[in-house]
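Analysis of the macromolecular model
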Amino acid sequence: MMGSSFIFVLILLLSLLPWSHSFYGALPPDLKKKGDTVEVMVNKLSSIRSQLSYDYYFLKYCKPPVIINSSLSLGQALRGDRIKNSVYSFKMREDEYCKVACRVELDANSAKKFKEKIDGEYKVNMILDDLPVAVTFALFSLHALKIYRQGFEVGMKGHYVGDKEERHFINNHLSFKVIYHEDPDTDYAHIVGFEVNPYSVNHKYKEWNGEKTKLATCQPSANFYIGGGYSLQEIHTNEEVVFTYDVSFESSNIKWESRWDAYLYQGDDPMHWSSMVNSLIIVLFLSGVVAMVVMRTLYKDITNYNQLETQVEETGWKLIHGDVFRPPANANILCVFVANGVQVFGTVLFTIAPALLGFLSPSNKGGLITAMVLLWMFMGLFGGYSSARLYKMFKGTQWKKIAFKTAFMFPATFSGTLFMLNTFIWGARSSIAVPFGTMFSLLLLWFGISVPLVFVGSYLGFKMQTIEDPVNTNEIARQIPVRAWYNSKMVLSVLIGGILQFGPVFIEFFFIWTCIWMDHFYYSFGFLFISFVILLVTCCEIAILLCYFQLRSEDYHWWWRPYLTAGSSALYMFAYSIFYFFTKLDIEKSASAILYFEYTLMGSFAFFVLTGTIGFYACFWILDDLPAAVVLKMIDVPDGRGQSNIYVPGFQVGLKAYYAGSNEGRQFIHNHLSFKVKYHEKLMLIEKLYSHMMYPLSLLKSSGDRVGTHTTTWVMIQFIGFL
């Protein structure tokens, strides 16, 4: 039974993988010889003014006798691609002019749809040999460079001279240009470019004879020659529209490996480099601040503290070393947040790394989304492991409970949001709505891969040895003194930390947002990797710096502070998304606005758990060593082997603290001593003797408001053997 289930899940995974050619290092597609038939595929209708995409045949375009849906990868289905066959087909390296595709009669509904899509500035997307059709632009800098913008407009709006009435015109004539690179040794060639120039032409004819109809407005013997009296094709109800196209072939020196350069080049490299330099300067400045304020001050404090030959009163962060590792409030929720942050971190890291090496091809549409979804599923193993280890450190015992929360809390929230959003999009008949089959596949991947791996990781993490605190935790919590207003306001410090982290990477965030919402290609994974490293460093430094200031004010409730401090950069990410929406986008319909903010909110939340987890672990690893350096208060004593160990004899009589819920300070005596004797296993030579203070072990008896104590004093000797 388990074997068949595993085979089924494996087949499902293989079916979701995008079976297309890689970008670099892979074999090119089959060579085309002269006369071979090449088919043009049609994709969705998309617009930068609306995030709702539509199927190509949502409009009344020419249809083939049988419409065949191409198989889609998981990422393609999620991004709204709907790839189908079309009536456009060419003969390799054979030019054709004024070829008739079909004629259609627009009823009232069809004409209305065309006008709506023209008003929304929708573009038509087509594909030839994995290359999207593109309109060319010339970019003039030091030299002229041709760049591509994918898709062409459905039509245009305008008015005649002397007439103020706005009219809609459809682009019904397409002039294609197929660019190829010829193999010097054979007569075969690779397709390396696919361009189009759309026109609106009110075709005229005497007698309709299908594809052999002779048009008065253009002739097959001429290169798109428009006869006298030609006018634009205006959209009217109950009026027929004739669709035609040209195709020409052009030889090029562009090799197959470089055919995507014109698509990927955006002309923003100088801005990218300048933003990277500015970000690196900010990181270096923050590193200097952290090194100066934290490391230098901390090292000086420890050195001076350990060189004292007499016991002195502890102050600042040294005073609370016995309370630093006290379990936080809502420890279970913190474990779940950290675990999901580990999943997001692993997903981002193992997505950027292959993309940086060129394994994600731009021709593999949706490959990035597919990779991220599958990686998230498999990262459940590490998420469950990290949550269980942290949960066990907090003295938790029910590992199945924390595993269940880790496996379901965030995925269920995201899935519920996506389902409600999807239901809303279904009503608009948009292709961006996730098909039912794809949603079922996602649920199957979730329950078949992610959930079991989370439980396996939690089981393994809970079986590991408990992470030991470097110091013993006090039995009674120490009272936190009154602090200055700027140090007591958690919200203020959290917001300051967030803007310092988001500042160095917001330029890269702008480029990513532009590519997503402006329908551009994004392939600057080198810049993305540098930005990710910068984000990682700044999150660690800011979290450590503010956590250190918090401990110096004798506030030991630090567990949530670094998570919220580092994660608060997501607030600025969402705020910038709102600014971007109102300043860069021209979205008017409420459906598109809801879609934008829902996806932005989900992305910001993922960014929150990612940066929060980075900040949390940075402080955790630092504090794991810091209190141990505080406890060892020593003087110089020879150990018999020519080495010097440093100890300070004696321990404090007691401490001042308060009970939970009470602000009244109380005095407690150290009446329980835990001694540790170290000896040599062979020579039985006692080498070291030092005491670890344990705070009052008192039997508390309540009688009204009066608290009495019964004191017991005893000694425990522990022998530890070592070589």
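Above this text is the structure in question.
What this report covers is the structure whose coordinates are included nearby. (Residues numbered from 1 in each chain as written. Predicted model: local features only at pLDDT ≥ 70, side-chain atom pairs only at ≥ 80, totals over all residues. Heavy atoms only, no water.)

1. As for the environment of Gly603
Tracing the chain through its elements places Gly603 in helix H17 (residues 590-631). By relative accessible area, Gly603 is classed as partly exposed at 26%. As for Gly603 and Phe574, which are separated by 29 residues in sequence, their C-alpha atoms are 8.7 Å apart. (Helix = DSSP H or I, 4+ residues; strand = E, 2+ residues; numbered from the N terminus. Buried < 20%, exposed > 50% of the residue type's maximum accessible area, 1.4 Å probe, protein only.)

2. Here's the deal with the state of the cysteines
Inspection of every chain in the model, using the stated rule, returns one disulfide. The disulfide partner of Cys62 is Cys102, and the gap between their sulfur atoms is 1.7 Å. The chirality of the disulfide connecting Cys62 with Cys102 is left-handed, given an S-S dihedral of about -85°. Separated by 40 residues along the polypeptide, Cys62 in the loop between strand S2 (37-46) and helix H2 (74-78) and Cys102 in strand S4 (residues 96-106) bring together distant segments of the chain. Of all cysteine sulfurs, the one in Cys539 lies closest to Cys540, which takes part in no disulfide; the gap is 6.9 Å. (Disulfide = S-S within 2.5 Å.)

3. Topic: the side chain of Thr538
The residue Thr538 is located in helix H14 (residues 525-552) in this model. Here Thr538 falls in the buried class, since its relative accessible area comes to 0%. Within the structure, Thr538 has its side chain in polar contact with the backbone oxygen of Leu535 (distance 3.0 Å). Among all residues touching Thr538, those that are not within four sequence positions of it are Val283, Leu286, Gln501 and Pro504. (Polar contact = N/O pair within 3.5 Å; in protein donor to acceptor, adjacent residues only side chain to side chain. Contact = heavy atoms within 4.5 Å.)

4. Some thoughts on unusual backbone geometry
Its identity as a non-glycine residue notwithstanding, Arg93 has a phi of 65°, on the positive side. With respect to the helices and strands, Arg93 occurs in the loop between strand S3 (84-91) and S4.

5. A closer look at the pattern of salt bridges
This structure, assessed with the given rule, holds 13 salt bridges. Here Glu234 and Arg167 are joined by a salt bridge, their closest N and O atoms 2.9 Å apart. Residue Glu234 is located in the loop between strand S13 (188-199) and strand S14 (239-251), and its partner Arg167 is located in strand S11 (residues 167-170); the two are separated by 67 residues in the primary sequence. The burial state of Glu234 is the same as that of Arg167; both residues are buried. (Salt bridge = Lys/Arg side-chain N within 4 Å of Asp/Glu carboxyl O.)

6. Observations regarding helix H3 (residues 108-119)
One turn of the α-helix equals 3.6 residues, which is why residues spaced by three or four share an orientation. Over its twelve residues, H3 extends 16 Å from the first C-alpha to the last, a length consistent with the 16 Å expected when each residue adds 1.5 Å. Among all positions in H3, only Ser110, Ala111, Lys113, Phe114, Lys117 and Ile118 are buried. Summarising the axial view, the buried residues of H3 lie within an arc of 160°, below the 170-degree limit, and thus occupy one face. In this structure, the buried side of H3 is in contact with S4, strand S10 (155-158) and S11. Taken from the residues just after H3, Glu121 is the one with a positive phi, measuring 55°. (Expected span 1.5 Å × (residues − 1). Arc of directions from axis to C-beta.)

7. Some words on the side chain of Lys117
Within the secondary structure, Lys117 sits in helix H3. Buried charge without a salt bridge: Lys117, with Glu116 as the nearest opposite-charge side chain at an N-O distance of 4.1 Å. What Lys117 contacts, discounting residues up to four positions off in sequence, is Tyr54, Phe58, Leu59 and Tyr122. (Lys, Arg positive; Asp, Glu negative; His and termini not counted.)

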